[in-house]
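If you want the building blocks of each chain, they are given just below.
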Amino acid sequence: VQLVESGGGLVQPGGSLRLSCAASGSIASIVAMGWYRQAPGDHHERDLVATITTAGTTNFADSVKGRFTISRDKANNTVYLQMYSLKPDDTGVYYCHAELNFGYFRGYWGQGTQVTVSS
């Protein structure tokens, strides 16, 4: 499966951004999609931000609950992360992730999109 992210950029604290992740390829095998953030200077860890299953079940990191929403457009195979009340700590590279079930589970990553929250 191929994942293409868009929507990152520079925003002031308190602002909003919407990230998009368009999936193509073996989309019928997707069981969940989500967003992970890699903080500046941290080249190893990608922290969970939010996920959504094909059944519509969502999960959020505590730090973004009440500020971020995740949704999906089945017709366009796209997942959105709407971010409100952004803080400088939200800065990082946001990666889209898809979990596929081929009889075994396998994850795929997008190329990442930069989000910078700064005045």
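Just so you know, the residues in each chain are numbered from 1, in the order the chain's sequence is written. In keeping with the predicted nature of the model, local features appear solely for residues at pLDDT of at least 70, side-chain atom pairs appear and are counted solely at 80 or more, and the whole-chain, interface and lining totals rest on all residues. The side-chain values count all of the structure's non-hydrogen atoms but skip hydrogen atoms and water molecules.

(A) Representation of the side chain of Thr91 in the model. Looking at the secondary structure, you find Thr91 in the loop between β8 (78-83) and β9 (92-101). Classification of Thr91 as buried rests on a relative accessible area of 13%. By definition, residues are in contact when any of their heavy atoms lie within 4.5 Å. Setting aside residues up to four positions removed in sequence, Thr91 forms contacts with Arg37, Ala39, Pro40, Gln114, Val115, Thr116 and Val117. Put simply, DSSP marks the helices as runs of H or I at least four residues long and the strands as runs of E at least two long, and each gets a number from the N terminus on. Burial classification: accessible surface area is computed with a 1.4 Å probe over protein chains only, and a residue below 20% of its type maximum counts as buried, one above 50% as exposed, and the rest as partly exposed.

(B) View of the state of the cysteines. Here, the term disulfide refers to a pair of cysteine sulfur atoms separated by no more than 2.5 Å. Using the criterion set out here, one finds one disulfide in the structure. One disulfide bridge connects Cys21 with Cys96, the sulfur atoms lying 2.0 Å from each other. For the disulfide bridge between Cys21 and Cys96, the dihedral angle about the S-S bond is near -85°, and by the sign convention the bridge is left-handed. Taken together, the residues span a long stretch of sequence, with Cys21 in strand β3 (residues 17-24) and Cys96 in strand β9 at a distance of 75 residues. The class of Cys21 is buried, set by a relative accessible area of 0%.

(C) How the structure looks around the environment of Pro88. Summarising the element assignment, Pro88 is placed in the loop between β8 and β9. Among residues more than four places away in sequence, those in contact with Pro88 are Pro13 and Val117.

(D) The arrangement of the sheet that holds strand β7 (residues 68-73) in detail. If you walk across this open sheet you meet the four strands as β1-β3-β8-β7, and the pairing is antiparallel. Looking along the sheet, the strands with just one partner apiece sit at the ends: β1 (2-6) and β7. Each adjacent strand pair in this sheet contributes to an overall mean axis angle of 15°, direction not counted. Note: two strands are recorded as paired if DSSP finds a minimum of 2 bridges between them. Judged from the five bridges that link them, β1 and β3 form a sheet pairing that is antiparallel. The angle between two axes is taken between their N-to-C directions and runs from 0 to 180 degrees, where each axis is a line fitted to C-alpha atoms and a helix contributes only its stretch in contact.

(E) Here's a closer look at unusual backbone geometry. Even without glycine at this site, Asn77 takes up a positive phi of about 50°. Secondary-structure assignment places Asn77 in the loop between β7 and β8. Unusually for a residue other than glycine, Ser85 sits at a positive phi of about 45°. Looking at the secondary structure, you find Ser85 in the loop between β8 and β9. Exposure remark for Ser85: the relative accessible area of 41% places this residue in the partly exposed category.

On their own, these measurements won't tell you what the molecule is for.
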